[in-house]
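Single-letter residue listing:
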Amino acid sequence: MYQTLPLLQYSDFPRIRRASLEILQVNLGYYCNQRCKHCHVNAGPNRKETMSAQTAAQLMRFMQSTQVSTIDLTGGAPELHAQFKPLVEAGRHAGCRVIDRCNLSVLFEPGQEGLADYLAQWRVDIVASLPCYLEENVNAQRGRGIFEKSINALRVLNDLGYGIDGSGLSLELVYNPQGPELPPPQADLEADYRAYLGEHYGIQFTRLLALANLPIKRFGSTLISRGQFVDYMQLLKSSHSAANLDSVMCRNTLSVDYEGYVYDCDFNQMLNVPAGGGKPIHINDLDQQVDAGAPIAIADHCYGCTAGQGSSCGGALG
Ligand code: SF4
Ligand code: SF4
């Protein structure tokens, strides 16, 4: 696989600084039951990296000693890692909103029969990838049979109240383009998703998040091998909107890896660029380096968060 960081690190992206910390995004490890083409984590069924109970305990102490309001659990497939439930329950006991970045098909993995009920019982919000509402596109990006499993999973979640107005159980879907393009306008796409999924499958959801693919890891390497990397970077740069700089997720989020080291965002974690761009910092040793006003480690991939409507990890910004 081609490395993208050497192509990204000498950057003219504007310098940005942290605001106050609100969200702790925790990567539980790289094991996943899927192996998607655009995965920026290079996750898959052969990955062994996973969070230990000791690191989870350190995170819980951090959670309880700070004002973070949201715990955002990701992976790999976070639900397939041993520390998923301990972190869900610690986060909820600490009064935090807990988000599960769920790939949907995980609900049908062996041993996960009670997972959907568990998530509803603990009032965990779900952010779920569904990169298109058309079967052939989803299967091309995420693997054969994944669309059907995703639809069945959404039905199970709807039946529990997820995505249904007034239930308090949020079900957000995530769109990302199939190739080196920017996502279409989020509101228009959401209307298309709502109409198609409602009419064909009777599925409801809370909101659609349209995210650009960042030119790193598996997606970045594919761009390089197809000779598309330079053009994609030009597209991101020419679509940069300074208005999005205030809302990129690194301003209020800290990303933690499965060993407890901290980064300004999940993308920087995957590029192994520590928070602030200095030496690696462990969650146990956090000091002013991630306080409000601290510098954020930027590189050219950051243009993926500010291009067009902006996308970061929260969907269209502004
Ligand atoms: S489901 Fe998510 S973590 Fe798993 S391979 Fe696909 S993109 Fe990566
Ligand atoms: S990739 Fe996006 S979220 Fe990460 S540091 Fe750059 S602007 Fe912030």
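The written sequence of each chain sets the order in which its residues are numbered from 1. Chains and ligands are labelled by the order in which they are written, letters from A for the one and numbers from 1 for the other. Only residues with pLDDT of at least 70 get local features here, since the model is predicted, and only at 80 or more are side-chain atom pairs given and counted; chain-wide, interface and lining totals rely on the full set of residues.

Asks: Which residues make up the overall build of the chain, and what values do they have?
Replies: Secondary structure summary: the chain contains eleven helices and eight strands in total. All radius of gyration figures rest on C-alpha atoms, and the globule criterion is 2.2 Å times the number of residues raised to 0.38. Taking 318 residues into account, the globule formula puts the C-alpha radius of gyration at 20 Å, and the chain, at 18 Å, falls close to it. Expressed along its principal axes, the backbone C-alpha trace of the chain runs to roughly 45 × 45 × 35 Å. Per-residue burial over the chain gives 47% buried out of 318 residues. If you take every contact in the chain between residues at least 6 apart in sequence, the share linking residues at least 24 apart comes to 73%. Helix and strand definitions here come from DSSP, where helices need a minimum of 4 consecutive H or I residues and strands a minimum of 2 consecutive E residues; each element is numbered from the N-terminal end. Burial is judged by counting other C-beta atoms within 10 Å of a residue's own C-beta: 20 or more means buried, 12 or fewer means exposed, and anything between counts as partly exposed, with every C-beta placed from the backbone. By definition, residues are in contact whenever their C-beta atoms, placed on the basis of the backbone, come within 7 Å of each other.

Asks: Describe helix H7 (residues 186–201), listing the residues and the values that go with them.
Replies: Expected helix span is taken as 1.5 Å per residue step, with the number of steps being one fewer than the number of residues. Between the first and last C-alpha of H7 there are 21 Å, a value that for 16 residues agrees with the 22 Å anticipated at 1.5 Å per step. Inspection of H7 places Gln-186, Tyr-193 and Leu-197 among the buried residues, and these make up the whole buried set. Axial view of H7: buried residues confined to an arc of 25°, hence all on one face. Residues of H7 that are exposed and point over 90 degrees away from its buried face: Ala-187, Asp-188, Ala-191, Ala-195, Gly-198 and Glu-199. Starting at the helix axis, one direction is taken to each C-beta atom, and the arc is that of these directions.

Asks: Lay out helix H9 (residues 229–238) with the relevant residues and their values.
Replies: Listed as buried for H9 are Phe-229, Tyr-232, Met-233 and Leu-236. For H9, the buried positions fall inside an angular range of 100° around the axis, keeping them on one side. Exposed side chains of H9 directed beyond 90 degrees from the buried face belong to Val-230, Asp-231, Gln-234 and Ser-238. On its buried face, H9 sits against helix H1 (5–8), helix H8 (217–225) and helix H11 (303–306).

Asks: Would you mind going over the site of ligand 1 in detail, with residue names and values included?
Replies: Near ligand 1 there are 13 residues, and of these Cys-32, Cys-36, Cys-39, Ala-43 and Asn-103 occur at the shortest range. Three categories are distinguished: nonpolar for Ala, Val, Leu, Ile, Met, Phe, Trp, Tyr, Cys and Pro, charged for Asp, Glu, Lys and Arg, and polar for the others, with Gly belonging to the last. Its residues assigned to classes, the shell around ligand 1 comprises six nonpolar, six polar and one charged. Should the C-beta atom of a residue, placed from the backbone, lie within 6 Å of a molecule or strand, that residue is near it.

Asks: Run through the sheet that holds strand E5 (residues 171–175), naming residues and quoting values.
Replies: Two strands are said to pair when DSSP picks up at least two bridges between them. With respect to topology, eight strands assemble into an open sheet ordered E6-E5-E4-E3-E2-E1-E7-E8, the strand pairing being mixed. Two strands in the sheet have a free side with no partner beyond their single neighbour: strand E6 (207–210) and strand E8 (262–263). By the bridge criterion, four bridges tie E5 to E6 in an arrangement that is parallel. Opposite Leu-173, over in E6, you have Leu-208 as the bridge partner.

Asks: Can you explain the pairing of strand E7 (residues 253–256)? Please cite residues and give values.
Replies: If a strand is regular, its side chains alternate between the two faces of the sheet. Burial along E7 is two-sided: Thr-253 and Ser-255 facing one way and Leu-254 and Val-256 facing the other are all buried. Sheet topology places strand E1 (residues 23–27) next to E7; four bridges connect them, and they run parallel. Opposite Leu-24, over in E7, you have Leu-254 as the bridge partner. Here two bridges tie E7 to E8, and the two strands are oriented antiparallel to one another. Pairing of Val-256 across the sheet is with Val-262, part of E8. Hairpin connection, E7 to E8: the antiparallel pair is bridged by five residues, and Gly-260 has positive phi, about 100°.

Asks: I'd like to hear about the packing of helix H2 (residues 53–65) against helix H3 (residues 84–93), residue by residue, with values.
Replies: Between H2 and H3, the least distance of the axes is 10 Å, while the angle of their chain directions is 10°. Comparing the axis directions of H2 and H3 gives the class roughly parallel. From H2, Ala-56, Leu-59, Met-60 and Met-63 reach across to H3, where they touch Pro-86, Leu-87, Ala-90 and Gly-91. Considering only residue class, the contact of H2 with H3 consists of seven nonpolar, one polar and no charged. An axis is simply a line fitted to the C-alpha atoms; with a helix, the fit covers only the stretch in contact. Between two such axes, the angle follows the N-to-C directions and lies from 0 to 180 degrees. With respect to orientation, any angle under 35 degrees is reported as roughly parallel, any angle over 145 as roughly antiparallel, any angle of 65 to 115 as roughly perpendicular, and every other angle as oblique.

Asks: Residues and numbers for the environment of Gly-161, please.
Replies: Along the chain, the position of Gly-161 falls in the loop between helix H6 (146–159) and E5. C-alpha of Gly-161 to C-alpha of Leu-171: the two residues are ten residues apart in sequence and 9.3 Å apart in space. The contacts of Gly-161, once residues within four sequence positions are left out, are Ala-120, Ser-167 and Leu-169.

Asks: Run through the confidence of the model for the chain, naming residues and quoting values.
Replies: Of the residues in the chain, 96% reach a pLDDT of 70 or more, and the chain-wide mean stands at 92. Summary of the metric used: pLDDT quantifies the predictor's per-residue confidence within the range 0 to 100. Of all the helices and strands in the chain, helix H5 (residues 135–142) carries the lowest mean pLDDT, 86, while helix H4 (residues 115–121) carries the highest, 98.

Asks: Please provide a residue-by-residue account of unusual backbone geometry, values included.
Replies: With an omega dihedral of 25°, the bond running from Gly-75 to Gly-76 counts as a cis peptide bond. Phi is positive for Leu-104, close to 75°, though the residue is something other than glycine. Relative to the assigned elements, Leu-104 resides in the loop between strand E3 (97–102) and H4. You can call Leu-104 buried: it has 24 C-beta atoms within 10 Å. Not every positive phi belongs to a glycine, and Arg-123 is a case in point at roughly 55°. Tracing the backbone shows Arg-123 in the loop between H4 and strand E4 (125–129).

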